[in-house]
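Working through the structure, step by step
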Amino acid sequence: MLNALLVMSGIAVLLGSVLGYAAIKFRVEGNPLVDKIDAILPQTQCGQCGYPGCKPYATALAADEAEINRCPPGGEEGIRKLGELLNKEFIPFGGETNAPKPKSVALIDENICIGCTLCIQACPVDAIAGAAKQMHTIITAECTGCELCVAPCPVDCISMIVIQEKIGNWKWKYPIYALTPA
Amino acid sequence: MSEYLMILIGAVLVNNIVLVKILGLCPFMGVSKKLEAAAGMGAATAFVLTLGSGASYAINHWLLVPYNLTYLFTLSAIVVIASIVQFTEMYVKKASPALYQVLGIYLPLITTNCAVLGVPLLIVQNELQYNLIKALWFGFGNALGFTLVMVLFAGIRERLEGADVPGIFKGSAIAMVTAGLMSLSFMGFAGLVK
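Residues numbered from 1 in each chain as written. Chains lettered and ligands numbered in written order. Predicted model: local features only at pLDDT ≥ 70, side-chain atom pairs only at ≥ 80, totals over all residues.

Brief notes about the overall build of chain A
Spelled out, the test is: Numbered from the N terminus, helices here are DSSP runs of H or I no shorter than four residues, and strands are runs of E no shorter than two. Counting other C-beta atoms within 10 Å of each residue's C-beta, where C-beta atoms are placed from the backbone, gives the exposure class: buried for 20 or more, exposed for 12 or fewer, partly exposed between. Two residues form a contact once the distance between their C-beta atoms, set from the backbone, is within 7 Å.
Looking only at helices and strands, one finds 5 helices and 4 strands in chain A. When the helices and strands of chain A are listed from N to C terminus, the series reads α-α-α-α-β-α-β-β-β. Residue burial in chain A is summarised as follows: out of 182 residues, 16% are buried. A separation of at least 24 residues holds for 55% of the contacts in chain A among residues at least 6 apart in sequence.

Shown next as structure tokens:
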């Protein structure tokens, strides 16, 4: 009986002191401003701000790298509170926080293409194959749908087509929350 | 050397902790909807499982057996595992904030994973065959098996999400059917190691 008590309390004391020591040794100094901002954010971790979660967005806000109107779930009330904390003017939700476009790829109408190579120079991912005075075509697997090639085309032969969802390209959706007016 | 290979193959494939021993089903069902989350959970569990098997073997062998206190094994194993989980969480938070963000919520959940307690119990049942290195190795093998199955299952469930599943089978039902089929297929490994 006594042995059992001694052994168990011995284990408990040993592990307790190891954990206590580790808590001091591995203490992480957090930025107090980040925690304050994080407390205002709605903690939906939805990623609509363009950051992986609320904490990274809070970190970016504290470092003054992001605008305060990037958080749709927080509503305008959230923007106001962030503005008060960071001494910034109230900004309403901008165009960038609106619903994203469906994923699409560019398509060249090969009957109209004159082979000017302007779209090839505009493409950031080298997804257009072709040469001067030769017909161009899009390598669909490489196209990111950035639409940078649409504007330079002098004959408007590039159109964006929406990709249909199939089992091969299906992905989890980001959660979307309806905005309630404050 | 071949003995260690046998332990590894036995733990990963033949006696897989999830699909053959049917332990650790809570994270297997709960955290397998997304591939990244499943891989993170698998990695975190793997770490705790390996250390936990070693530590609880050491406590059993050098503390509980000499004092004739083996009935305290479950209790002390739980204490040790809980502490290792806490320690791991603190260390990861300090050493690699990025990994901490990925694992975040899953780390504390490992304390209640039955596979993490089950493996030390299995080691103690076969005590005569093991020493500290083998206990650690057996724990690592089981951890590997757990991670492998988590990743496979999460991959299948992601595909299922886009598949045309009949209405009554949607959700948990088809996941259970899938788990059963995977378990059956792992039965095929029986007899691989004598």
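Here we look at the overall build of chain B
Secondary structure assignment for chain B yields 9 helices and 0 strands. What you see in chain B, going N to C, is helices and strands ordered as α-α-α-α-α-α-α-α-α. The 194 residues of chain B split such that 39% are buried. Across chain B, contacts joining residues at least 24 apart in sequence account for 78% of those joining residues at least 6 apart.

Details of the interface of chain A and chain B
Stated precisely, the cut-off is as follows: Under the convention adopted here, Pro, Cys and the residues Ala, Val, Leu, Ile, Met, Phe, Trp and Tyr are nonpolar, Asp, Glu, Lys and Arg are charged, and Gly plus all remaining residues are polar.
Between chain A and chain B, the residue contacts involve 16 residues of the former and 21 residues of the latter. Taken together, the residues of the side of chain A that touches chain B sort by class into 15 nonpolar, 1 polar and no charged.

Considerations on the packing of helix H7 (residues 114-125) of chain B against helix H8 (residues 132-161) of chain B
Residue and element names in this part refer to chain B. Using the following cut-off: In this description, a line fitted to the C-alpha atoms serves as the axis of each element, helices being fitted only across the stretch in contact, and the angle between N-to-C directions of two axes falls anywhere from 0 to 180 degrees. In this scheme, a crossing is called left-handed if the near helix is turned counterclockwise away from the far one by less than a right angle; it is called right-handed if the turn is clockwise.
One can describe the packing of H7 onto H8 by two numbers: an axis separation of 10 Å at closest approach and a directional angle of 145°. Crossing hand, H7 versus H8: right-handed. Residues Ala-115, Val-119 and Ile-123 of H7 form the contact with H8, whose own contacting residues are Ala-135, Phe-138, Gly-139, Asn-142 and Phe-146. Residues of the contact of H7 with H8, tallied by class, amount to 6 nonpolar, 2 polar and no charged.

Here's the deal with the nonpolar core
Here is the rule: Among buried residues, those of type Ala, Val, Leu, Ile, Met, Phe, Trp, Tyr and Cys that are joined through C-beta atoms within 7 Å form a set called a nonpolar core.
Ranked by size, the top nonpolar core spans 50 residues in total, and within it B:Val48 and B:Phe146 carry the most contacts. Those elements that place two or more of their residues in this core are helix H1 (2-14), helix H3 (35-64), helix H4 (73-95), helix H6 (106-109), H7 and H8 of chain B. Residues within four places of B:Val48 in sequence aside, it is in contact with B:Ile81, B:Ile84, B:Val85, B:Thr88, B:Ile110 and B:Val116. A:Ile37, A:Cys49, A:Ile68 and A:Ile79 belong to the second largest nonpolar core, which has 12 residues in total.

Here's the deal with unusual backbone geometry
Residue and element names in this part refer to chain A. You will see that Asn-87, though not glycine, has its phi angle at about 55°, which is positive. Within the secondary structure, Asn-87 is located in the loop between helix H4 (75-86) and strand E1 (104-108). Phi at Thr-117 takes a positive value of approximately 65°, unusual for a residue other than glycine. Along the polypeptide, Thr-117 turns up in the loop between E1 and helix H5 (118-122).

A few points about the packing of H3(B) against H7(B)
All names here are of chain B. In contact at an axis separation of 9 Å, H3 and H7 are set at 35° when each is read in the N-to-C sense. The element H3 and its partner H7 pack so that their crossing is right-handed. Residues Thr-45, Val-48, Leu-49, Gly-52, Ser-53, Ser-56, Tyr-57 and Asn-60 of H3 pack against Ala-115, Val-116, Val-119, Pro-120, Ile-123 and Val-124 of H7. Grouping the constituent residues of the contact of H3 with H7 by class yields 9 nonpolar, 5 polar and no charged.

Considering H4(B)
Short version of the rule: One less than the number of residues in a helix, times 1.5 Å, gives the span that helix is expected to have.
Taking 1.5 Å per residue, 23 residues should reach 33 Å; H4(B) reaches 32 Å between its end C-alpha atoms and fits that length. Turning to H4(B), its buried residues are B:Ser76, B:Ala77, B:Val80, B:Ile81, B:Ser83, B:Ile84, B:Val85, B:Glu89, B:Met90 and B:Val92.

Looking at the environment of B:Val18
Residues and elements named next belong to chain B. Inspection of the secondary structure assignment puts Val-18 in the loop between H1 and helix H2 (25-30). Along the primary structure Val-18 and Ala-179 are separated by 161 residues, whereas in three dimensions their C-alpha atoms are 9.6 Å apart. If we ignore the near neighbours within four places in the chain, the residues touching Val-18 are Leu-23, Gly-24, Leu-25, Phe-28, Ala-115, Phe-146 and Val-149.

Side note on the environment of A:Ala39
All names here are of chain A. The topology assignment puts Ala-39 in helix H2 (residues 32-40). Given 12 C-beta atoms within a 10 Å radius, Ala-39 is considered exposed. Taking C-alpha positions, Ala-39 is 9.1 Å from Ala-58, a pair spaced 19 residues apart along the chain.

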